[in-house]
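# Remarks on the overall topology
Chain by chain, the residues:
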Amino acid sequence: MPLFEVETEAHVIIAWAEDEAAAQAIVEAAYPRESALRISRRPRDTWVISKTALGIKSGLDPCATARDCLAKAAGDKVHAIRLYMQETGTDLEQARKVIESNMITGW
């Protein structure tokens, strides 16, 4: 089954679907108030997100620190961002990106 990338006003959804119409149906079911701006069939059956695109510098393991901050904050994103900034010395935008990317992966 092919992998599709569907972009809406607020989300980028990655899903396996039989065809473009099925991918559209997935978006309509998950986000009924949003319309698809772009639907692309991925050339391979994997999806890769660049750490650089997320603003994560290599050589550092932000995931362990971010996950620790999320655990200390009991999942409170704003508090976790503050903790991450205190522990790493990063700025607000960098800390937000790291915490949010770890929340998405199910810390």
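Read on for a plain summary of the structure. (Residues numbered from 1 in each chain as written. Predicted model: local features only at pLDDT ≥ 70, side-chain atom pairs only at ≥ 80, totals over all residues. Heavy atoms only, no water.)

### Section: the environment of Leu83
Relative to the elements of secondary structure, Leu83 occurs in helix H4 (residues 77-88). In this structure Leu83 comes out as buried when scored by relative accessible area, which is 15%. Along the backbone, Leu83 and Lys72 are eleven residues apart, and their C-alpha atoms lie at a distance of 8.4 Å. Leu83 has contacts with Cys69, Lys72 and Ala73, leaving out every residue within four places of it along the chain. (Helix = DSSP H or I, 4+ residues; strand = E, 2+ residues; numbered from the N terminus. Buried < 20%, exposed > 50% of the residue type's maximum accessible area, 1.4 Å probe, protein only. Contact = heavy atoms within 4.5 Å.)

### Quick look at a nonpolar patch on the surface
Taken together, Val12, Ile14, Trp47 and Ile49 make up a surface patch of nonpolar side chains, about 340 Å² in accessible area. Following the sequence through the fold, Ile14 ends up in strand E2 (residues 12-16). (Patch = residues over 30% accessible without salt bridge, like charges linked within 9 Å, V, L, I, M, F, W, Y side chains within 5 Å. Areas by Shrake-Rupley, 256 points an atom, 1.4 Å probe, with all protein chains shown as cover. Salt bridge = Lys/Arg side-chain N within 4 Å of Asp/Glu carboxyl O.)

### What to know about the pattern of salt bridges
Here the structure, examined in full by the defined rule, presents eight salt bridges. Of the charged contacts in the structure, one is a salt bridge between Asp68 and Lys72, with a shortest N-O distance of 3.3 Å. Taken as a pair, Asp68 and Lys72 lie in helix H3 (residues 62-72) at a separation of four residues, close to a single helical turn. Its relative accessible area of 34% is what places Asp68 among the partly exposed residues. Between Arg96 and Glu93 there is a salt bridge, with the nearest N and O atoms lying 2.3 Å from each other. Residue Arg96 and its partner Glu93 are located together in helix H5 (residues 92-104), separated by three residues, close to a single helical turn. For Arg96, a relative accessible area of 28% corresponds to the partly exposed category.

### A short note on the sheet that holds strand E1 (residues 3-7)
Within a beta sheet, neighbouring strands are joined by backbone hydrogen bonds and run either parallel or antiparallel to one another. Strand order in the open sheet formed by three strands is E2-E1-E3, with antiparallel pairing between adjacent strands. On the outer flanks of this sheet lie E2 and strand E3 (38-41), each paired with one strand and no other. On average, each strand axis in the sheet is inclined to that of its neighbour by 20°, with strand direction left out of account. Both E1 and E2 contribute to a ladder of five bridges, which runs antiparallel. Residue pairing for E2: Leu3 is matched across the bridge by Trp16. Running over the sheet, helix H1 (residues 20-30) touches E1, E2 and E3 and is turned about 50° from E1. (Pairing = 2+ DSSP bridges. Axes fitted to C-alpha atoms, helices over the stretch in contact; angles between N-to-C directions.)

### Looking at H5
Helix length check: H5 (13 residues) gives 18 Å between terminal C-alpha atoms against 18 Å at 1.5 Å per residue, within 8%. Along H5, the positions that sit buried rather than exposed are Gln94, Ala95, Val98, Ile99, Ser101 and Asn102. For H5, the angular spread of buried residues about the axis comes to 160°, placing them on one side. Seen from the open side of H5, the exposed residues pointing more than 90 degrees away from its buried face are Leu92 and Ile104. (Expected span 1.5 Å × (residues − 1). Arc of directions from axis to C-beta.)

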